[in-house]
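In case you want the letters, here they are:
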Amino acid sequence: MEKRIGTITVLLSDRGAAALVNEVISSHSDIVLARQGLPFHDRPTAVISLIVEGDVNEINSLSGQLGKIPNVSAKAVVTKIVSS
């Protein structure tokens, strides 16, 4: 399948889900190029942004598994890799 590059934005409305989110991300570490986390210290909310590269099934699998975790929302945006 054709590789794509994209982002996955993960919103945690309860930081108690962080351990499970980290476990799922680690299980897909082969497609994760970069990760940035932003905790909000004054509320139980956090945002994680992932830069990913893989085929559509791999990216959707990661996004889908994250989105199934209670109190977590995940959305992916992907594009084709254009070679020059």
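Residues numbered from 1 in each chain as written. Predicted model: local features only at pLDDT ≥ 70, side-chain atom pairs only at ≥ 80, totals over all residues. Heavy atoms only, no water.

Asker: Looking at this model, I keep getting lost on a nonpolar patch on the surface. Mind explaining?
Answerer: Together, Ile5, Leu33, Ile51 and Ile81 make up an exposed nonpolar region whose accessible area comes to about 310 Å². Mapped onto the elements, Leu33 comes out in strand E2 (residues 32-40). (Patch = residues over 30% accessible without salt bridge, like charges linked within 9 Å, V, L, I, M, F, W, Y side chains within 5 Å. Areas by Shrake-Rupley, 256 points an atom, 1.4 Å probe, with all protein chains shown as cover. Salt bridge = Lys/Arg side-chain N within 4 Å of Asp/Glu carboxyl O. Helix = DSSP H or I, 4+ residues; strand = E, 2+ residues; numbered from the N terminus.)

Asker: Help me out: how do you make sense of the side chain of Arg4 in this one?
Answerer: Tracing the chain through its elements places Arg4 in strand E1 (residues 3-12). Glu2 provides the closest opposite charge to the buried, unpaired Arg4, separated from it by 4.6 Å. (Buried < 20%, exposed > 50% of the residue type's maximum accessible area, 1.4 Å probe, protein only. Lys, Arg positive; Asp, Glu negative; His and termini not counted.)

Asker: I'm lost on the nonpolar core in this one. Help?
Answerer: The tendency in soluble globular proteins is for nonpolar side chains to be buried side by side. The biggest cluster of nonpolar side chains holds 19 residues, and the ones touching the most others in it are Ile8, Val10, Leu12, Val21, Leu50, Leu62 and Leu66. Every element with two or more residues in this core is listed here: E1, helix H1 (18-27), strand E3 (45-55), helix H2 (56-67) and strand E4 (72-80). It is E3 that contributes the most residues to this core, four residues altogether. (Core = buried A, V, L, I, M, F, W, Y, C linked by side-chain atoms within 4.5 Å.)

Asker: Please explain the pattern of salt bridges as it appears in this structure.
Answerer: Charged atoms that come close allow side chains of opposite charge to pair. Scanning the entire structure with this criterion turns up one salt bridge. For the salt bridge of Asp42 with Arg43, the shortest nitrogen-to-oxygen distance reads 3.4 Å. Using a relative accessible area of 64% as the deciding quantity, one classes Asp42 as exposed. By relative accessible area, which is 43% here, Arg43 ends up partly exposed.

Asker: Hey, could you run me through the packing of H1 against H2 in this one?
Answerer: For any two helices packed against each other, the geometry is given by the interaxial angle and the distance between the axes. Across the interface, H1 lies against H2 with an axial gap of 10 Å and an inter-helix angle of 165°. Viewed along their axes, H1 and H2 adopt a mutual orientation that is roughly antiparallel. The handedness of the crossing between H1 and H2 comes out as right-handed. When H1 is examined against H2, the residues Val21, Val24 and Ile25 are found in contact with a partner set consisting of Leu62, Gln65 and Leu66. (Axes fitted to C-alpha atoms, helices over the stretch in contact; angles between N-to-C directions. Parallel < 35°, antiparallel > 145°, perpendicular 65-115°, else oblique. Left-handed = near helix turned anticlockwise from the far one by under 90°. Contact = heavy atoms within 4.5 Å.)

Asker: Teacher, can you tell me more about the side chain of His28 here?
Answerer: In this fold, His28 is placed in the loop between H1 and E2. Residue His28 is classed as buried on the basis of its relative accessible area of 13%. Within polar-contact distance, the side chain of His28 engages the side chain of Gln65 at 3.4 Å. Leaving out residues up to four positions away in the same chain, His28 has contacts with Glu58, Ser61, Leu62 and Gln65. (Polar contact = N/O pair within 3.5 Å; in protein donor to acceptor, adjacent residues only side chain to side chain.)

So yeah, pure geometry; function would need other evidence.
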